[in-house]
Amino acid sequence: MGVFARVRPTEADARPLVPPAETFAPAQVFSRTMHPASPTQAKSGLEQATHPLQRASRPLPLKPKAGLSGPPTKNRLEWATQLAMTWLAAAGLIAAFLTLAAFTPAAAQMTPKATVDTSETIFTVLAAMNTCGYDQELGQSDALRRQIRSELAGAAQASPDAETTIKELCQFYRDHRQGDQSHDLAQYISLALTLGPPPDFKPQMKEADLPPDAGYVLGLVPLLPRFYKNLDLEMIWARHHQEFEGLINQFHEPIAKLLNSTDLYLRLPIAGYMGRKFNIYLAPLGAPGQVNARNYGSDYYIVLTPARGTLQYNQVRHTYLHYVLDPIAMKRPAAMAHLEPLLPLVQTAPMDEVFKHDATLLCTESLIEAIEARTIKADGKGKEQEKEAETKRGQAVDAAMKQGYVLTQYFYNQLPKFEKEPVGLQDAFPNWLYDMDIEHEKKVARNVEFAESAHPEVVRLAPPKPSLLDEAEKDLVTRNVDGAQQLAEQSLAEKKDDPGRAFFILARAATMKGDMAGAQKYFAQTVEVSREPRVLAWSHIYLGRIFDLQDNRQAALDHYRTALNSGQLDPQVRAAAENGLKQPYAPPQRSQ
């Protein structure tokens, strides 16, 4: 009896949300066996991750670093928790937060999703540029930049060894100018983000992996240790400790509120940030208002220079949207392949070339453009103000389409309904992909009259480097089950990615191989460690089905109820769980 039957969705299951290999429902189920089994105890508190306040209750804490990580009078966790409580108190939601906290491990609760900081490495690279003629908008710069430049000049005159070092460094700087100072800054920021701390500034990437603009100025690296030592930059950096800390304190809270409001709108779960970084660096030695954002692998960085006491917060949000949405799209290789027929139709668009050759990047950028357009606020209350705001939203969508982001209108049309529903974007997004009429979107793309010039894209994107689990998902799509299993096991061994997702992939691989015991074990491990509500809900449903097939009805009912109460309100999840409660699961009969 221990053989498998291929799934054919029942009426209660409805249609799959995405191609079968990408659904959270495994591609196969088990035929009945009489072996007894103990029910897996449900972790009810872990299935509440769709609550919109879970992300919002964790404002971004500061990175612990030598006194630059927040108010010196408070413990970091105490400060982050107090800020969270203050925010929740204003919303009257402290009780909800405390209820949630009772079910969430403390370490997971306080893991930072983002950091605001200054960087001594970036400071040193920009100090070198300022020493060698980087004068962009110096007259409009904050007094701190001018003060540090004066100290650099004084240190150069006081050091007998500095003259030779500065001569070599400045010759290199002149030889690698890009024609305008914004591009000069961009290439050195790219380099600085790949270097370790002083005094050695050792590259943290292999030269072959460096972004092209960073590789172009890699010759600066051997000169930096001498420049740092001869001009005593450690002393200059320490002398301005209070000013740097003041910048962090000034911008920490508005950035935290910005990220929290973004999470609230998207209704993002806690899960999905393990092993990933979103770092915001303040660089007072840059020209005012400059923004440079990069993604290196799974890590995202944005370097900003304040201008008149403010930052370009819209660019911070844009980069953060990439940080949270890029991996959601990366997890769906089959769905992204379904979008590839759009790529030939955007080749004449003015957007960056990278979007013309990668359906995942094109899809994500279109979604981000749609979210940014949809969240344009009205200037006041009233019908006229709302009408004016809606006009601006439409104009923003039209501008994005003309840049080549041809799915912007489609995603924009999904957002009003999304705003009224309880599901988060992580769960709504697969439905949008599945419901998309690709032939219609191709027709729309053909009718777009592209603009003549491109808007600058703040994030310097490279095609995202797939994680081990991303590659495992691709292997499941192509039915390379052994390959998927090997990659998921490697991910668990290296502890580089979400273990819940890894166990879930192993469970799906086990179903495809006909290994009922293995599938049961891995689904059980998934519900122990996962924080993704969709993964949890489907794992409980399939554990319920396994127990039904083992004639352990009480254990099955426990899992169906847990799935139904998980906060995951997707129609397919609800239908599958409710059907499991009505009657024991039986595999569909094979056609004769």
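Residues numbered from 1 in each chain as written. Predicted model: local features only at pLDDT ≥ 70, side-chain atom pairs only at ≥ 80, totals over all residues. Heavy atoms only, no water.

## So, the pattern of salt bridges
In the structure shown here, the tally under the stated rule is 22 salt bridges. Here Arg149 and Asp135 are joined by a salt bridge, their closest N and O atoms 2.8 Å apart. In this pair, Arg149 is assigned in helix 6 (residues 143-158) and Asp135 in the loop between helix 5 (120-131) and helix 6, connecting sequence segments 14 residues apart. Here Arg501 ties to Asp470 by a salt bridge, and the two come within 2.9 Å at their closest N and O atoms. Note that Arg501 is positioned in helix 23 (residues 499-513) and Asp470 in helix 21 (residues 468-477), a separation of 31 residues in sequence. Note on Arg501: relative accessible area 6%, which makes it buried. (Salt bridge = Lys/Arg side-chain N within 4 Å of Asp/Glu carboxyl O. Helix = DSSP H or I, 4+ residues; strand = E, 2+ residues; numbered from the N terminus. Buried < 20%, exposed > 50% of the residue type's maximum accessible area, 1.4 Å probe, protein only.)

## Comments concerning the pairing of strand 4 (residues 278-282)
In terms of burial, strand 4 is largely enclosed, as 5 of its 5 residues are buried. Here strand 4 shows two buried faces, one formed by Phe278, Ile280 and Leu282 and the other by Asn279 and Tyr281. For strand 3 (residues 115-117) and strand 4, the ladder comprises 3 bridges, and the chain directions are parallel. Within the sheet, the bridge partner assigned to Thr115 lies in strand 4 and is Asn279. Sheet topology places strand 4 next to strand 6 (residues 299-304); 5 bridges connect them, and they run parallel. Each bridged residue has a counterpart across the sheet, and for Ile280 the counterpart in strand 6 is Ile302. (Pairing = 2+ DSSP bridges.)

## Focus on unusual backbone geometry
Of note, the bond from Pro198 into Pro199 is cis; its omega dihedral lies within 30 degrees of zero at 10°. In this fold, Pro199 is placed in the loop between helix 8 (181-192) and helix 9 (212-216). The residue Arg267 is not glycine, and still its phi comes out positive at about 55°. Relative to the assigned elements, Arg267 resides in the loop between helix 12 (241-266) and strand 4.

## Quick notes on the packing of aromatic side chains
Counted under the stated rule, the structure contains 21 aromatic pairs. On the numbers, 6.1 Å between centres and 70° between planes, the contact of Tyr265 with Phe418 is edge-to-face. Taken as a pair, Tyr265 in helix 12 and Phe418 in helix 18 (residues 408-420) lie far apart in primary sequence, 153 residues in all. With respect to class, Tyr265 is no different from Phe418; both count as buried. An aromatic cluster of at least three residues, connected via ring pairs, comprises Tyr265, Tyr410, Phe411, Phe418, Phe429 and Trp432. (Phe/Tyr/Trp six-rings, centres within 6.5 Å; stacked < 30°, edge-to-face > 60°.)

## Focus: the confidence of the model for the chain
When the pLDDT values of the chain are averaged, the result is 79; 77% of them are 70 or greater. Across residues 1-111, where pLDDT falls below 50, the model places 259 contacts with residues more than four positions away in sequence or in other chains. (pLDDT = per-residue confidence, 0-100. Contact = heavy atoms within 4.5 Å.)

## Some words on the nonpolar core
One broad trend across soluble globular proteins is that nonpolar side chains are buried collectively. Leu325, Phe411, Leu425, Phe429 and Trp432 are the most contacted members of the largest nonpolar core, which has 118 residues in total. Apart from the residues within four sequence positions on either side, Trp432 is in contact with Leu367, Tyr410, Phe411, Gln414, Leu415, Phe418 and Leu425. Grouped together as the second largest cluster of nonpolar side chains are 39 residues, Leu476, Ala484, Ala519 and Trp538 included. (Core = buried A, V, L, I, M, F, W, Y, C linked by side-chain atoms within 4.5 Å.)

## Regarding helix 20 (residues 438-446)
Among all positions of helix 20, only Ile438, Glu441, Lys442 and Ala445 are buried. Seen from one end, helix 20 has its buried residues packed into an arc of 105°, which puts them on one side. Turned more than 90 degrees from where helix 20 packs its buried face, Lys443 and Arg446 sit exposed. Along its buried surface, helix 20 packs onto helix 14 (333-338) and helix 18. Measuring from the side-chain oxygen of the N-cap residue of helix 20 to the backbone nitrogen of Glu439 gives 3.2 Å; that N-cap residue is Asp437. (Arc of directions from axis to C-beta. Polar contact = N/O pair within 3.5 Å; in protein donor to acceptor, adjacent residues only side chain to side chain.)

## Brief notes about the state of the cysteines
Using the criterion set out here, one finds 1 disulfide in the structure. Each disulfide pairs two cysteine sulfurs, and for Cys132 the partner residue is Cys170, the sulfurs being separated by 2.0 Å. Disulfide Cys132-Cys170: the torsion about the S-S bond is -80°, which places it as left-handed. One end of the pair, Cys132, is in the loop between helix 5 and helix 6; the other, Cys170, is in helix 7 (residues 162-175), and 38 residues separate them in sequence. Pair check on accessibility: Cys132 and Cys170 agree, each one buried. (Disulfide = S-S within 2.5 Å.)

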